[in-house]
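Examination of the molecular architecture
Each chain, letter by letter, is given below.
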Amino acid sequence: MKNFPDDFIWGTATSAYQIEGASREDGRGDSIWDRFCHTHGNIHNQDTGDRACEHYYRLEEDLNILEDLGVNAYRFSVSWPRIQPVGRGHVNGRGIDFYQRLVDGLLSRNITPTATLYHWDLPVALQLEGGWNSRNTASYFAEYADEVFRSLGDRVHSWITINEPWVASFMGHWTGQHAPGLQNFQIALNVAHHLLLAHGKAVEVFRSGNHKGDIGITCDMSSYYPVSESIEDREAALRLDEHKVKWFTHPVLKGQYPEGLLSWYSEKGYEPPVQDGDMELISGKVDFLGINYYSSFDIKKGENQPLEADFVPTGRDKTAMGWEIRPEGLYDLLISLQKQFPETPFLITENGAACNDEVDEDGRVRDNERIDYLKSHFEMALKAIEDGVPLKGYFIWSLMDNFEWAYGYEKRFGIIHVDFSNLKRTWKDSAAWCYQVFESGHTDVSLDFDSFFDEEDEDD
Ligand code: IFM
């Protein structure tokens, strides 16, 4: 039987706005997501993160769940407006206290904290000054990062600067589905550059502060396959790969934007706002690359601007998000990344599935589709490790059902079910299955769910 390495990092992931709630408590300022959610028509069912999972108030309960799950790591994000309500200057001690309690609670349970500094909740006060379209925001981010490193750096030794810069820039400023809801390609390119700059500045602050531990960035990635051998389709697939993956990974790990796409954009009148010294700053050494993987895509030449590349459905099974289930795309991605960045260790910082979960009469959530999804992806990760990819850990998205951005609470990614009428947490079958994988280090677990949950009830 094939096993993951003994020191493999197994965790679950969440982000502040998606679970914390308590949006107006203890001095927290507003973020762009508070504004966006409270603007009619942006979010399914007019849902907001005001209450979310009330993780802020249910911290001990959630820490106990993590301990019971047997994870050895937990990835969470720090809410910038909880630390600096207006994004700069005044630091909110009650915000710092919350994350200190979270981190101490993890450490006392032998769970390694992995903290993300930015998971999209920009203080709204900074948006009013231009948000990420303004270069200054990268400098304010470095000041915020410095505060967080100084408050938590003695206990947190694994840091992620920015989560999914592609989503924050292009879905927030080009497609407009995410906060702040702008629709301008050049602004999205500016934002992407300033997010990369913010990453570079935060790494610089981390190194100059002599903090212990590792720091990296997390990007959302997929494999892009041309639907045919034609040069047009192959170039279209490459363009999407450069747009989504290389546009972020190459500046960080090679100090340059991908040449092909840079010229393509330039011909269409778009340029990233690079200034002297930026690329050196952005490419300061990182200790790992975080990979968020959900799906992969077949691509053909298209007419849409400016990328001229279209997605082609393949008929594979889909998750409740409508995303095709393509575990082999994870393997191909890992192999491709290793070829491009042979010096860099990898962490899968998110992977998981939204399913149409239902609570059965006996209280069980029989989410077999999620188990199948996770199993097939774990197996591809293991195959990549066997083939020499330095993959060090795997965080499941997500610990619990939560606020899924524009989809509100409709899409459930958790391995823990949350009843949003009373916020009760319940283990899904996938949580029990993951517990066995974490414990055994392999995926060939055969689990008698009835006795597993009966024993759990007796323990309670
Ligand atoms: O919920 C999100 C998360 O915030 C970032 N990565 C993708 C997840 C699922 O859409």
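See above for the structure.
If you're wondering where the values come from, they're calculated on a predicted model, not measured in any experiment.

Parameters and conventions
Residues numbered from 1 in each chain as written. Predicted model: local features only at pLDDT ≥ 70, side-chain atom pairs only at ≥ 80, totals over all residues. Heavy atoms only, no water. Helix = DSSP H or I, 4+ residues; strand = E, 2+ residues; numbered from the N terminus. Rg over C-alpha atoms; globule rule 2.2 N^0.38 Å. Buried < 20%, exposed > 50% of the residue type's maximum accessible area, 1.4 Å probe, protein only. Contact = heavy atoms within 4.5 Å. Lys, Arg positive; Asp, Glu negative; His and termini not counted. Charge placed at Lys NZ, Arg CZ, Asp CG, Glu CD. Salt bridge = Lys/Arg side-chain N within 4 Å of Asp/Glu carboxyl O. Near = heavy atom within 4 Å. Areas by Shrake-Rupley, 256 points an atom, 1.4 Å probe, with all protein chains shown as cover. 1 Å grid on protein atoms, 1.4 Å probe; cavity = no way out; pocket = protein on both sides within 12 Å on 5 of 7 lines; lining within 4 Å. Sits in = over half its atoms within 2 Å of the grid points. Nonpolar A, V, L, I, M, F, W, Y, C, P; charged D, E, K, R; others polar. Disulfide = S-S within 2.5 Å. Points joined across faces, edges and corners; volume = space filled by probe spheres on them. Pairing = 2+ DSSP bridges. Core = buried A, V, L, I, M, F, W, Y, C linked by side-chain atoms within 4.5 Å. Expected span 1.5 Å × (residues − 1).

**Side note on the overall build of the protein**
- Broken down by element type, the protein carries 16 helices and 13 strands.
- At 21 Å, the protein has a C-alpha radius of gyration in line with the 23 Å of a compact globule built from 460 residues.
- Counting across all 460 residues of the protein, residues that qualify as buried make up 60%.
- In the protein, once contacts between residues fewer than 6 apart in sequence are set aside, the share between residues at least 24 apart is 74%.
- Put simply, the protein has 42 plus and 77 minus side-chain charges, and the middle of one group is 4 Å from the middle of the other.

**Let's talk about the pattern of salt bridges**
- Summed over the entire model, instances satisfying the criterion amount to 38 salt bridges.
- Its salt-bridge partner being aspartate 287, residue lysine 285 comes within 3.9 Å of it at the nearest N-O pair.
- Judged by its relative accessible area of 57%, lysine 285 is exposed.
- We note a salt bridge from aspartate 357 to arginine 370, for which the minimum N-O separation is 3.1 Å. Of this pair, aspartate 357 sits in the loop between β10 (346-351) and α14 (368-386) while arginine 370 is found in helix α14, placing the two residues 13 residues apart along the sequence. Like arginine 370, aspartate 357 is buried.

**Some remarks on helix α8 (residues 165-173)**
- Among the nine residues of α8, nine are classified as buried, and the element is accordingly described as predominantly covered.
- Of the positions making up α8, those classed as buried are Pro165, Trp166, Val167, Ala168, Ser169, Phe170, Met171, Gly172 and His173.
- Summarising the contacts, the buried residues of α8 are in contact with β4 (158-163), α9 (185-208), β5 (214-221) and α10 (231-254).

**As for the site of the ligand**
- Residues in close proximity to the ligand include Gln18, His119, Trp120, Asn163, Glu164, Tyr294, Trp323, Glu350, Trp397, Glu404, Trp405 and Phe413, which together make up its full environment.
- Considering the ligand on its own, with 280 Å² of exposed area, one finds that the protein chains cover 95% of that surface.
- Here the ligand occupies the largest pocket.
- Residues of the shell around the ligand, tallied by class, amount to six nonpolar, three polar and three charged.

**A word on the state of the cysteines**
- In the structure shown here, the tally under the stated rule is zero disulfides.
- Summary of cysteine pairing: cysteine 53 is not part of a disulfide, and the nearest cysteine sulfur, belonging to cysteine 37, is at 14 Å.
- Looking at cysteine 355, it has no disulfide partner, and the nearest cysteine sulfur is the one in cysteine 434, 12 Å off.

**Considerations on the layout of surface pockets**
- Space inside the largest pocket adds up to approximately 1,100 Å³.
- Considering the residues around the largest pocket, the lining is formed by 45 residues, among which Trp166, Met171, Lys244, Phe297 and Trp323 are closest to the centre.
- The set of elements that each furnish at least two residues to the lining of the largest pocket consists of α8, β5, α10, β7 (288-293), β8 (297-301) and β9 (309-312).
- Of the residues assigned to the lining of the largest pocket, the class counts are 23 nonpolar, 13 polar and nine charged.

**A look at the pairing of β5**
- Counting buried positions over the eight residues of β5 gives seven, a clear majority of the element.
- Looking at chain direction, β4 and β5 are connected through four bridges and run parallel. Bridge pairing in β5 places asparagine 163 opposite threonine 218.
- Note that β5 and β7 share six bridges and pair parallel. Residue pairing in the sheet places cysteine 219 in a bridge with isoleucine 291 of β7.

**With respect to the nonpolar core**
- Residues Trp33, Tyr118, Phe141 and Trp159 are the most contacted members of the largest nonpolar core, which totals 153 residues.
- The element that contributes the greatest number of residues to this core is α9, accounting for 14 residues.

**Things to note about empty space enclosed by the protein**
- Across all of its chains, the model carries three cavities of 30 Å³ or more by this definition.
- As a volume, the largest cavity reaches approximately 60 Å³.
- Ile32, Trp33, Tyr118, Trp120, Trp132, Val167, Ala168, His173, His178, Ala179 and Pro180 are the residues that line the largest cavity.
- When contributions to the lining of the largest cavity are tallied by element, the ones reaching two or more residues are α2 (32-37) and α8.

**Quick notes on α14**
- With 19 residues, α14 should reach 27 Å at 1.5 Å per residue; the first-to-last C-alpha distance of 27 Å fits that figure.
- Within the span of α14, buried status applies to Arg370, Ile371, Tyr373, Leu374, Ser376, His377, Phe378, Met380, Ala381, Leu382, Ala384 and Ile385.
- Glycine 388 occupies a position one or two residues after α14 and carries a positive phi of about 100 degrees.

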